[in-house]
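So the chains spell out like this:
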Amino acid sequence: MSIELPKEAKQRAIASIQRWFETERDEKIGNIGAMALLGFFLEEIAPSVYNRAVTEVQERLKARVDEIDLEVHEDEFCYWSKYDAAGR
């Protein structure tokens, strides 16, 4: 599964890469070079980030599912207990 960015996000990422090179390395990187670097990151590194995010979502969902019985639990056969408590 390849990770694709929407067109606007891709353009912003390329501009960010170009700015980083100019600011941090005092070098200019062209549009094609920045696009190639972004492609490399998306192919090589992004799957690790994506997989970690999926794992975290699964852990959070599992925790929520494990707690659902606490949120929706109803005590059973309680009708007579209210009479017993009142001393009837």
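Described in the following lines is the structure provided in the data block. The shown structure was predicted, so the numbers you read here are calculated from the model rather than taken from an experiment.

The next thing to look at is unusual backbone geometry. Despite not being glycine, Asp26 has its phi angle at roughly 55°, a positive value. Here Asp26 is to be found in the loop between α1 (7-24) and α2 (31-44). Within the chain, Phe77 stands out as a residue other than glycine whose phi angle is a positive 50°. Mapping Phe77 onto the fold places it in the loop between α3 (46-72) and α4 (79-85).

What follows deals with the packing of α1 against α2. Orientation of α1 relative to α2, taken along the N-to-C sense of each, is 110°, at an axis distance of 9 Å. Comparing their axes, α2 and α1 come out roughly perpendicular. Contacts from Lys10, Ala13, Ile14, Ile17, Gln18 and Phe21 of α1 reach α2 at Asn31, Ala34, Met35, Leu37 and Leu38. Of the residues in the contact of α1 with α2, the class split is eight nonpolar, two polar and one charged.

The rules behind each value
- Residues numbered from 1 in each chain as written.
- Predicted model: local features only at pLDDT ≥ 70, side-chain atom pairs only at ≥ 80, totals over all residues.
- Heavy atoms only, no water.
- Helix = DSSP H or I, 4+ residues; strand = E, 2+ residues; numbered from the N terminus.
- Axes fitted to C-alpha atoms, helices over the stretch in contact; angles between N-to-C directions.
- Parallel < 35°, antiparallel > 145°, perpendicular 65-115°, else oblique.
- Contact = heavy atoms within 4.5 Å.
- Nonpolar A, V, L, I, M, F, W, Y, C, P; charged D, E, K, R; others polar.

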